[in-house]
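Inside the fold
If you want the building blocks of each chain, they are given just below.
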Amino acid sequence: MEVTCLLLLALIPFYCRGQGVYAPAQAQIVHAGQACVVKEDNISERVYTIREGDTLMLQCLVTGHPRPQVRWTKTAGSASDKFQETSVFNETLRIERIARTQGGRYYCKAENGVGVPAIKSIRVDVQYLDEPVLTVHQTVSDVRGNFYQEKTVFLRCTVNSNPPARFIWKRGSDTLSHSQDNGVDIYEPLYTQGETKVLKLKNLRPQDYASYTCQVSVRNVCGIPDKAITFRLTNTTAPPALKLSVNETLVVNPGENVTVQCLLTGGDPLPQLQWSHGPGPLPLGAVAQGGTLSIPSVQARDSGYYNCTATNNVGNPAKKTVNLLVRSMKNATFQITPDVIKESENIQLGQDLKLSCHVDAVPQEKVTYQWFKNGKPARMSKRLLVTRNDPELPAVTSSLELIDLHFSDYGTYLCMASFPGAPVPDLSVEVNISSETVPPTISVPKGRALVTVREGSPAELQCEVRGKPRPPVLWSRVDKEAALLPSGLPLEETPDGKLRLERVSRDMSGTYRCQTARYNGFNVRPREAQVQLNVQFPPEVEPSSQDVRQALGRPVLLRCSLLRGSPQRITSAVWRFKGQLLPPPPVVPAAEAPDHAELHLDAVTRDSSGSYECSVSNDVGSATCLFQVSAKAYSPEFYFDTPNPTRSHKLSKNYSYVLQWTQREPDAVDPVLNYRLSVRQLNQHNAVVKAIPVRRVEKGQLLEYILTDLRVPHSYEVRLTPYTTFGAGDMASRIIHYTEHNTCHFEDEKICGYTQDLTDNFDWTRQNALTQNPKRSPNTGPPTDISGTPEGYYMFIETSRPRELGDRARLVSPLYNASAKFYCVSFFYHMYGKHIGSLNLLVRSRNKGALDTHAWSLSGNKGNVWQQAHVPINPSGPFQIIFEGVRGSGYLGDIAIDDVTLKKGECPRKQMDPNKVVVMPSSGAPCQSSPQLWGPMAIFLLALQR
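Residues numbered from 1 in each chain as written. Predicted model: local features only at pLDDT ≥ 70, side-chain atom pairs only at ≥ 80, totals over all residues. Heavy atoms only, no water.

Remarks on the environment of Val679
- With respect to the helices, strands and loops of the structure, Val679 is situated in strand 53 (residues 674–681).
- Sequence separation between Val679 and Tyr716 is 37 residues, and the spatial gap between their C-alpha atoms is 6.6 Å.
- Excluding anything up to four places from it in sequence, Val679 contacts Ala687, Val688, Leu707, Leu710, Tyr716 and Glu717. (Helix = DSSP H or I, 4+ residues; strand = E, 2+ residues; numbered from the N terminus. Contact = heavy atoms within 4.5 Å.)

Encoded structure:
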C-alpha cells in the first residue's frame, strides 16, 4: 500500500499554481545610485538632483501580468499636464550630458491592458553654476551748499545658478560686510534677472580704489566648485563712449565698397567693440575688425541697421547705429481709378480719372516720378494734375489726375521712376487709356470648375480674366480658416490666372478662390470666382494585418473594411489564399457598393490554415488586408513577478530557476496538450529540450517549471512553445540571469558594497578558517562559515583587547531603493561564548533624513551553531540595513554573520527556532504540486487503504 501511495503522489503534476494571476500594472521610479543633493531628505522617489552635464538614469520598476509596457514622457514643469511629443519606450531612461532645460517632471506610464495604467512621476532638478558677471555703475550728487561732490559706486554681481548662489564680496583678500565697514552696503536688488548682489561704496574714499572680487558658491552641491570674478576700481574708471566716422543714415549705390569706423572716445578699462546686423548676421564677405566694418561690393540685400557696441562692464554699454541704405528699385505697378465721387467703375468722358504709379525703392522718399503721354512729357494744366503721396494709396506714389475727361485725353501714358544722379536703372510702367479700356471680369473656363487629379500628380487651376488691361490674379483657400496655399503663402499672384500645383496631396483638396488684383489694372472692387480641387487617392483599409485564431472545425469570417479613399467606394475586391486566386464573391450593384469585403470559411482545418489576402480597389489604387488564419495556440506569457526565482547555495556551482507563465487566450483554440521547453546557455549553440505535459489550461492559470543544473553565473535563453492537436503554437522566449537577490556571502573583498561605519568604536572583520589567527580565543566564534568549508568567508567581531564592555561595531549595507512595500532580511548568525553581548539589526531610512530604527535584536550565548533569522521590514523610502555587534563583558564574545539576503515580500510565517540547527538545502529541484488535486487525491488514497 505504501508503494501505491508513493506512485500516485509522483503522478501529481508540479506545474499548477492556481488561477487569476493577471494583474494591473504597478510602477515605481528609482534612480541609479545616489543622487547629489542639497539636503539629505531630497533622496526620495519624488526628486532627483543631478549636475548639469552628468548622465541622468531613471528606472521604472514595474509589476503586473502580462508584463507592462513602459513609456517615459516629460513636461516642462510640475504645473503642466501636457506631454512633450517625444517619448521613450523603455524601462530605463538615460540622458547623456543633461542640460538645465531638461529639468522638470518626468512621467513613467506602465500599462498591460489590465485595469488602468500606472503613472508615476519624479522631478529632476538640474544643478549648475555659471560664470558670474560683474558690472560697475556710479552716481554723482552735486551738493551746492557745501561745495563738494559725493560719488557713489555700485558693483553689481550677477550669476545664473541652481540652487541659488551665495555671494561673498572681497576687497583684495579681505571679506567685506556691513558690520566691519560703514562705507559699504551689500544688498539684493529687486526685479533682476538671475541671482544678483550689489556692493555699494558710499561717498567714495581713497581706500575704495582697489581690486574687488565677487565669489559665488552653491556650497559644493554636486561637486560644483565656487567661481569668482575680479574688477579693479581706479580713479580713472569710466564707461565706454563712441562716435562714428559716418552719418547715422548712410545711402550708397550698389556695387560700392562700404567702410564704417566706430571710434572709442572714452572708457576704462579698455572697452571691447563688436559689430552686429539686424535682422540677421553680417553679410557674406563683410569683415569686422576692431572698430572697422568693411562690406565689399554692397548689394540691395545688405541694407539694414548695423550696430557698433562697446562694453567694459562699467555703466551701460555704448551703442551707435548706422542705417545702411543701398539704392534700389523694383516692382513698378499702376492703378486706374475711375471717378470716385460718382462711384463709377468705368472710364467715361466727362468724368474724372486718376492714374497712379508706384515702385518699391530704397530709400523710398528719394524716388522721383515723371509722366509722359504718347512719348512726350505730360504738361500740367487745369485739367491735368500731378500729385504725390496720395493718402488713399501707398506711400511715395505719384498720381496723374485727368479732370473732366475729353476724347483728346485718350492715349498711352508712361510713368518713369528714377534716382537722379545714381547709377540705378530707371523703372517705367505704361497705361493705355481709350474707349476700349474697361474694368476686368473673371470666370472659370467651362469644365474647369471641378478639377480631379490623382494624388502625387500635378494639377492646374485656371481662371480667365477679361478686360483691358488685364490685372494679375490672386489665389487663396476658401474652405479652411487661415489656410495657406501649398506654397506656404496666404495669397499667390499669377499673371496668367493659372495656379500650378506640383505633386498634389489629399490635404490640398478643397475650394480655391481666384480674384482680380487692384493693381496693374482698375482700382475697383475685386472680381472673384471659385474652383474645386478633388484629389483622388487609393483606399485605406483595416485591418492591414490580423492574426485570426480558431479551433479546428470552427467557422471564421474575414472582413476587410474601407476606412477612407477618394472615391469612397469599393469597385473590386480580390481574395487570395497562399497567393492563389480564390473564386470572386457575389457581385454587388454599384448603387449598393459596400464599404467592406467579406470571406466566409466554413471550418478551420490544417489545409485551410494559412495566409489570406484581400486586395480592395477604388479605381485609383488598391490596398490589402492580410489575415493569418490558423488553429495554433498563442504564445505563453512569462510571469516576471516570481518572488526570488533564483535558488542557489555557495557550495554549489549550479543554480535553479523558477520559471512561471500563463497561456495567452487558451480558449481561442484547441486545448494545450504540452509545452516544448528549450534551454540554451548564452554564447553556446547546444540547447537542452524537454517536453512538459499539462492538463486543461485555463485563462490566468499560473504554470511553473523549475530549471535545474544551471551554471553559476551564466545566463540562459529559454524558449517555450505550446502544442495542441493542430501542432506547434507561437513560441515565447526570454533571458534568465543568475542573481543573488541581494544575497551576500562575503566571498569577495568588496563585501557586496557593505562599509564600516565611521562613527562606531571598532570594525567588523572578514575571515575564513584559513585566515583565522591561530592564537585566537578558544570557546568563542565559528570554526568555519555556514558552508562548513575552510575556504568560505564570513564577517565577525573580535572582542579581545583593547575592546571594552559596550563597544559597538557597525556594518552598513549599500543604499537600496524601496521598490516594494515589504522586505525580508534573512541572515545566519553565530553567537557562541560565555561573554556574548548583543547582535542588533537596524534599518536606516533615507526618506526624510537619516533615521535608524531597531528591527531585531538578540543577546547572550546561543551555542556553537549557525542559526538563521528572518526579519520583516517595511521601509517608506530608500534605506540601508545595519548590523551592529555589541561587545559583552569579556573576550569570549565573538559574534559572526553570513549569507545575508534581502528579499521582496513578507518573511516566512513560521519563524525558525533561533536555537535550531539549520539543515543545509539539497541541490535537487523541488517540485511544486497542484493544490487543486490534493483534496481528490486524499479521498482516493483513503479509499485504497480501506
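Quick word on the packing of aromatic side chains
- Applying the stated criterion to the full structure yields 14 aromatic pairs.
- Measuring from centroid to centroid gives 4.8 Å for Tyr655 and Tyr738, while their planes differ by 55 degrees, and the two rings are tilted. Of this pair, Tyr655 sits in strand 52 (residues 654–663) while Tyr738 sits in the loop between strand 58 (732–736) and strand 59 (743–744), and the two are 83 residues apart along the sequence. Like Tyr738, Tyr655 is buried.
- Arranged with centres 5.5 Å apart and planes meeting at 45 degrees, the rings of Tyr816 and Phe879 form a pair that is tilted. Taken together, the positions of Tyr816 in the loop between strand 63 (808–812) and strand 64 (823–831) and Phe879 in strand 68 (residues 879–886) put the pair 63 residues apart, joining distant regions of the chain.
- The buried category is assigned to Tyr816, whose relative accessible area is 13%.
- Judged by relative accessible area, which is 0%, Phe879 ranks as buried.
- Pairwise contacts between aromatic rings join Phe827, Tyr829, Trp856 and Phe883 into one cluster.
- In this structure, Arg100 packs its charged tip against the face of Tyr128, placed 3.7 Å from the ring centre.
- If you follow Arg549 out to its NZ or CZ, it ends over the ring of Tyr634, 4.3 Å from the centre. (Phe/Tyr/Trp six-rings, centres within 6.5 Å; stacked < 30°, edge-to-face > 60°. Buried < 20%, exposed > 50% of the residue type's maximum accessible area, 1.4 Å probe, protein only. Lys NZ or Arg CZ within 6 Å of the ring centre and 35° of its normal.)

Remarks on a nonpolar patch on the surface
- On the surface, a nonpolar cluster with roughly 250 Å² of combined accessible area is contributed by Met380, Leu385 and Val386.
- Mapped onto the fold, Met380 is located in the loop between strand 28 (376–377) and strand 29 (384–388). (Patch = residues over 30% accessible without salt bridge, like charges linked within 9 Å, V, L, I, M, F, W, Y side chains within 5 Å. Areas by Shrake-Rupley, 256 points an atom, 1.4 Å probe, with all protein chains shown as cover. Salt bridge = Lys/Arg side-chain N within 4 Å of Asp/Glu carboxyl O.)

Overview of the state of the cysteines
- Applying the stated rule across the entire model yields eight disulfides.
- The disulfide partner of Cys262 is Cys308, and the gap between their sulfur atoms is 2.1 Å. Around the S-S axis, the bridge from Cys262 to Cys308 shows a dihedral of about -90 degrees and counts as left-handed. Of the two residues, Cys262 is situated in strand 19 (residues 258–268) and Cys308 in strand 23 (residues 304–311); the sequence distance between them amounts to 46 residues. Take Cys262 and Cys308: they sit in the same class, and that class is buried.
- Each sulfur of the disulfide joining Cys744 and Cys752 lies 2.1 Å from the other. Every disulfide takes its handedness from the sign of the S-S torsion; for Cys744 and Cys752 that torsion is 90 degrees, giving right-handed.
- Summary of cysteine pairing: Cys614 is not part of a disulfide, and the nearest cysteine sulfur, belonging to Cys560, is at 4.1 Å.
- The exposure class assigned to Cys614 is buried, which follows from its relative accessible area of 0%. (Disulfide = S-S within 2.5 Å.)

Quick look at the sheet that holds strand 48 (residues 610–617)
- With respect to topology, five strands assemble into an open sheet ordered 43-49-48-45-46, the strand pairing being mixed. With partners counted over all chains shown, the strands left at the sheet margins are strand 43 (545–549) and strand 46 (580–581), one partner each.
- Note: strand 45 (residues 572–577) against strand 46, two bridges, orientation antiparallel. Residue Arg576 lies in a different strand from strand 46, and its bridge partner there is Leu581. (Pairing = 2+ DSSP bridges.)

Regarding the pairing of strand 6 (residues 104–111)
- For strand 6, the buried fraction is high: six of the eight residues fall into the buried class.
- Strand direction decides the pairing type here: strand 4 (residues 69–75) and strand 6, joined by seven bridges, are antiparallel. What sits directly across from Trp72, in strand 6, is Cys108.
- Judged from the seven bridges that link them, strand 6 and strand 7 (residues 118–129) form a sheet pairing that is antiparallel. Paired with Tyr106 across the two strands is Ile122, which belongs to strand 7.

Some points on the nonpolar core
- If you look at the biggest cluster of nonpolar residues, it comprises 33 residues, and the most contacted ones within it are Tyr754, Phe827 and Phe883.
- Secondary structure elements with two or more residues in this core: strand 62 (794–797), strand 63, strand 64, strand 65 (838–845), strand 66 (851–859), strand 67 (867–873), strand 68 and strand 69 (895–904).
- Top contributing element to this core by residue count: strand 64, with five residues.
- Not counting chain neighbours up to four residues away, the residues in contact with Phe883 comprise Tyr754, Trp764, Ala809, Arg810, Leu811, Phe827, Asn840, Leu841, Ile897 and Val900.
- If you look at the next biggest cluster of nonpolar residues, it comprises 29 residues, including Phe334, Ile347, Leu384 and Cys415. (Core = buried A, V, L, I, M, F, W, Y, C linked by side-chain atoms within 4.5 Å.)

Concerning the sheet that holds strand 28
- A sheet is described by the order of its strands in space; here four strands give the open sequence 28-27-31-32, paired in antiparallel fashion. The sheet is open, and its two edges are formed by strand 28 and strand 32 (427–433), each paired on a single side.
- Here strand 31 (residues 411–418) runs beside strand 32; their pairing, made up of seven bridges, is antiparallel. Looking across to strand 32, one finds that Tyr413 is bridged to Val431.

Quick notes on the side chain of Arg844
- Counting through the fold element by element, Arg844 comes out in strand 65.
- Within the structure, Arg844 has its side chain in polar contact with the side chain of Asp852 (distance 2.8 Å). (Polar contact = N/O pair within 3.5 Å; in protein donor to acceptor, adjacent residues only side chain to side chain.)

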